[in-house]
Amino acid sequence: MTARPLAGRIALITGASRGIGRATAKGFAMAGATVVAVARTEGALTELDDELQLLGLPPLVLAPLDLAEGERIDQMAGLIARRFGRLDILVAAAAQLGGLGPVTHFDPPAIKRLVALNFTAQWRLLRAADPLLRRSDAGRAIFLTSTAARLSPAYWGPYAATKAALEAL
């Protein structure tokens, strides 16, 4: 029998369609958590869900949404509250690099998008999830950041600034 240390736990994973978020969602599901998988791309979420079900795991709770649409974060938290009554784990892995180049080459909509996703959405996630995490006997929030926040490599300015803001938060 495989150990399932997260059995009975509810985990919300953002950025679950690719990269670290996808790997985290898969790992948490394999460890027994009920995973609310959040990403913009519904097709990629469905593919992950199908993959896990082929392994004999329960279906994911799919939440296709763009985290830059802040009011939808609040709606999602309300749905989690009604369905589960609590949240045990929040892993905020969604982010956008937004391109590399001199900071003066970024246009205002690109900067606005980076700030909206990499910082404002993270604050809004924490704000919306906080009451749910407090209902857990061991609620935890994990926010992924980057060494770019501290190293500020050339051409990474907007991304590094949003990750530094997240770390300060």
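Going along each chain's sequence as written, the residues are numbered from 1 onward. This being a predicted model, a pLDDT of at least 70 is required before a residue's local features are given, and a value of 80 or more before pairs of side-chain atoms are given or counted; all residues contribute to the totals for chains, interfaces and linings. Only hydrogens and water are set aside when side-chain values are computed; all heavy atoms of the structure are taken into account.

*Asks:* Lay out the overall build of the protein in plain terms, naming residues and giving numbers.
*Replies:* The numbering of helices and of strands both runs from the N terminus, where a helix is a DSSP run of H or I of at least 4 residues and a strand a run of E of at least 2. Broken down by element type, the protein carries six helices and five strands. Tracing the protein from N to C terminus, the helices and strands come up as β-α-β-α-β-α-β-α-β-α-α. If you line up the protein on its principal axes, its C-alpha atoms span 55 × 30 × 25 Å. Three exposure classes are used, based on accessible area relative to the maximum for each residue type with a 1.4 Å probe and protein chains only: buried under 20%, partly exposed in between, and exposed over 50%. Taking all 169 residues of the protein together, the buried fraction comes to 40%. We call two residues in contact whenever any of their non-hydrogen atoms come within 4.5 Å of each other. Counted over contacts in the protein with a minimum sequence separation of 6, partners at least 24 positions apart contribute 68%. Carbon together with sulfur atoms contributes 57% to the accessible area of the protein, which is approximately 8900 Å² in total. Reported accessibility uses the Shrake-Rupley method at a 1.4 Å probe radius. Residues are deemed covered only where the shown protein chains occlude them.

*Asks:* Pulling in residues and values, what's your account of empty space enclosed by the protein?
*Replies:* In this analysis the probe radius is 1.4 Å and the grid spacing 1 Å, with only protein atoms considered; a cavity is a set of points the probe fits into but cannot get out of, a pocket is an open set with protein on both sides within 12 Å along at least five of seven lines, and lining residues have an atom within 4 Å of a point. Grid points are joined across faces, edges and corners, and a volume is the space filled by probe spheres set on the points. Per the counting criterion, the structure on display carries one cavity of 30 Å³ or more. Volume-wise, the largest cavity comes out at about 40 Å³. In terms of lining residues, the largest cavity is bounded by Leu 12, Ile 73, Met 76, Ala 77, Ile 80, Leu 87, Leu 125, Ala 128, Ala 129 and Leu 132. Among the elements of the structure, helix H3 (70-84) and helix H4 (108-134) are those that each provide at least two residues to the lining of the largest cavity. Just so you know the grouping, Ala, Val, Leu, Ile, Met, Phe, Trp, Tyr, Cys and Pro go in nonpolar, Asp, Glu, Lys and Arg go in charged, and all remaining residues, Gly too, go in polar. Here the lining of the largest cavity is built from residues that sort into ten nonpolar, no polar and no charged.

*Asks:* For a nonpolar patch on the surface, give the residues involved together with the corresponding values.
*Replies:* Patch definition: residues above 30% relative accessible area lacking any salt bridge, with like charges linked at up to 9 Å and the nonpolar side chains Val, Leu, Ile, Met, Phe, Trp and Tyr linked at up to 5 Å. Within this document, salt bridges are pairs made up of a side-chain nitrogen of Lys or Arg and a carboxyl oxygen of Asp or Glu, the two lying within 4 Å of each other. A cluster of nonpolar side chains, Leu 97, Leu 100 and Tyr 155, forms an exposed patch at the surface whose accessible area comes to about 300 Å². With respect to the secondary-structure elements, Leu 100 resides in the loop between strand S4 (89-92) and H4.

*Asks:* Can you tell me about the sheet that holds strand S1 (residues 10-14), naming the residues and giving the values?
*Replies:* A pair of strands is considered paired only if DSSP assigns at least 2 bridges between the two. Ordered in space as S3-S2-S1-S4-S5, the five strands form an open sheet in which the pairing is parallel. Since the sheet does not close on itself, it has two edges, and those belong to strand S3 (61-64) and strand S5 (140-143), each with one partner. Strand-to-strand twist of the sheet, defined as the mean angle between neighbouring strand axes without regard to direction, takes the value 10°. Where S1 and strand S2 (residues 34-39) come together, five bridges link them in parallel fashion. Residue pairing across strands places Leu 12 opposite Val 36, the latter belonging to S2. Fitted lines through C-alpha atoms serve as axes, helices being fitted only where they are in contact, and the angles separating the N-to-C directions of these axes extend from 0 to 180 degrees. Against the sheet, H4 engages S1, S4 and S5, with an angle of about 175° to S4.

*Asks:* Which residues make up the packing of helix H1 (residues 19-30) against helix H2 (residues 42-54), and what values do they have?
*Replies:* Where H1 meets H2, the axes come as close as 11 Å, and the angle between the chain directions of the two elements is 30°. Here H1 lies roughly parallel to H2, going by the angle between them. At the point where H1 passes H2, the crossing takes the right-handed sense. Only Leu 48, Glu 51 and Leu 52 of H2 make contact with H1, whose side of the interface consists of Arg 22, Ala 25, Lys 26, Ala 29 and Met 30. For the contact of H1 with H2, the per-class residue count stands at five nonpolar, no polar and three charged. Any angle from 65 to 115 degrees is called roughly perpendicular, while one under 35 is roughly parallel, one over 145 is roughly antiparallel, and all others are oblique. Handedness of a crossing is defined here by the sense of rotation of the near helix relative to the far one, left-handed for an anticlockwise turn of less than a right angle and right-handed for a clockwise turn.

On their own, these measurements won't tell you what the molecule is for.
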